[in-house]
Amino acid sequence: MYADPPAPRARGRNEAPPASPGGLDGLQHPWKFNPDYQKLVEAWDEVLPQLETLRTALDKAYSLARSPQTWDAPVGERYVEDLREWRRRLALYRHSILTSISDAADDMPRWVRTTDVPQPFW
């Protein structure tokens with residue numbers, strides 16, 4: 001139905017911070033991996049399995065509801081329609097949650113400068 005947006009990338013094993021040219025003050029500023037970006041990576045990794053569990057449960061219930069051995073009466077189609085609607089709403093919910101995490105990660109820098117460098121007094 002919907003394709004998942006791109007996931008935020010966790011820090012790679014050999015990933016290095018960007019090159020740090022001297023700033024206006026002439027000092028080299030060290031970089032660190034953005035902790036807020038790391039929280040988005042962790043949120044994605046936590047939410048995705050839960051959404052998959054919900055989708056799997058609804059898919060199983062939907063396939064059982066569509067089975068002719070489950071319902072003898074025509075009223076069973078109403079339950080199949082309800083499950084179809086729940087699956088559609090879960091797909092929309094999944095798309096909105098994952099898109100919000102992905103968009104936040106796109107707007108956030110992966111690396112931030114640290115201010116741990118001692119500054120000279122002028």
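Preceding this paragraph is the structure being described.
Here's what I pulled together on the structure shown here.

Rules used throughout
Residues numbered from 1 in each chain as written. Predicted model: local features only at pLDDT ≥ 70, side-chain atom pairs only at ≥ 80, totals over all residues. Heavy atoms only, no water. Helix = DSSP H or I, 4+ residues; strand = E, 2+ residues; numbered from the N terminus. Buried < 20%, exposed > 50% of the residue type's maximum accessible area, 1.4 Å probe, protein only. Contact = heavy atoms within 4.5 Å. Areas by Shrake-Rupley, 256 points an atom, 1.4 Å probe, with all protein chains shown as cover. Salt bridge = Lys/Arg side-chain N within 4 Å of Asp/Glu carboxyl O. Core = buried A, V, L, I, M, F, W, Y, C linked by side-chain atoms within 4.5 Å. Expected span 1.5 Å × (residues − 1). Phe/Tyr/Trp six-rings, centres within 6.5 Å; stacked < 30°, edge-to-face > 60°. Lys NZ or Arg CZ within 6 Å of the ring centre and 35° of its normal.

Another aspect to go through is the overall build of the protein chain. Scanning the protein chain from terminus to terminus reveals two helices and two strands. In sequence order, the secondary structure elements of the protein chain are arranged as β-α-α-β. Counting the 122 residues in the protein chain, one finds 24% classified as buried. In the protein chain, the proportion of contacts linking residues at least 24 apart, taken out of those at least 6 apart, comes to 82%. Carbon and sulfur atoms form 58% of the exposed surface of the protein chain, whose accessible area is close to 9000 Å².

A side chain with one charge can pair with a side chain of the opposite charge if their charged atoms come near. Following the criterion strictly, the structure yields nine salt bridges and no others. Two residues, Arg88 and Glu85, come together in a salt bridge whose shortest N-O distance is 2.7 Å. Here Arg88 pairs with Glu85, and both are found in helix 2 (residues 76-107), just three residues apart, close to one helical turn. We classify Arg88 as partly exposed; its relative accessible area is 35%. Beyond isolated ion pairs, a larger network of salt bridges with shared partners links Asp4, Glu52, Arg55, Asp59, Arg87 and Arg94.

Another point: the nonpolar core. Tyr37 and Leu83 are the most contacted members of the largest nonpolar core, which totals 16 residues. Of all the secondary structure elements, the ones that give two or more residues to this core are helix 1 (35-66) and helix 2. Ranked by residues supplied to this core, first place goes to helix 1 with eight residues. Setting aside anything within four residues of it in sequence, one finds Leu83 in contact with Leu58, Ala61, Tyr62 and Ala65.

Further remarks concern helix 2. Compared with an ideal rise of 1.5 Å per residue, which puts 32 residues at 46 Å, helix 2 spans 47 Å between its outermost C-alpha atoms and is within 8% of the ideal. Where helix 2 is concerned, the buried positions are Gly76, Val80, Leu83, Leu90, Ala91, Arg94, Leu98, Ile101, Ser102 and Ala105. Where the residues of helix 2 are buried, they touch helix 1.

Under the defined criterion, the tally for this structure stands at two aromatic pairs. Centroid distance Phe33 to Tyr37: 5.8 Å. Interplanar angle 90°. Geometry classified as edge-to-face. Using a relative accessible area of 4% as the deciding quantity, one classes Tyr37 as buried. Taking 5.4 Å as the distance between ring centres and 85° as the angle between the ring planes, the aromatic pair formed by Phe33 and Trp111 counts as edge-to-face. Placement of Phe33 in strand 1 (residues 31-33) and of Trp111 in strand 2 (residues 111-113) is noted, with a sequence separation of 78 residues between them. Like Phe33, the residue Trp111 is buried in the burial classification. Above the face of the Tyr79 ring, Arg78 is positioned so that its terminal group lies 5.0 Å from the ring centre. Geometry around Tyr62 places Arg87 over its ring, the cationic atom sitting 4.3 Å from the centre.

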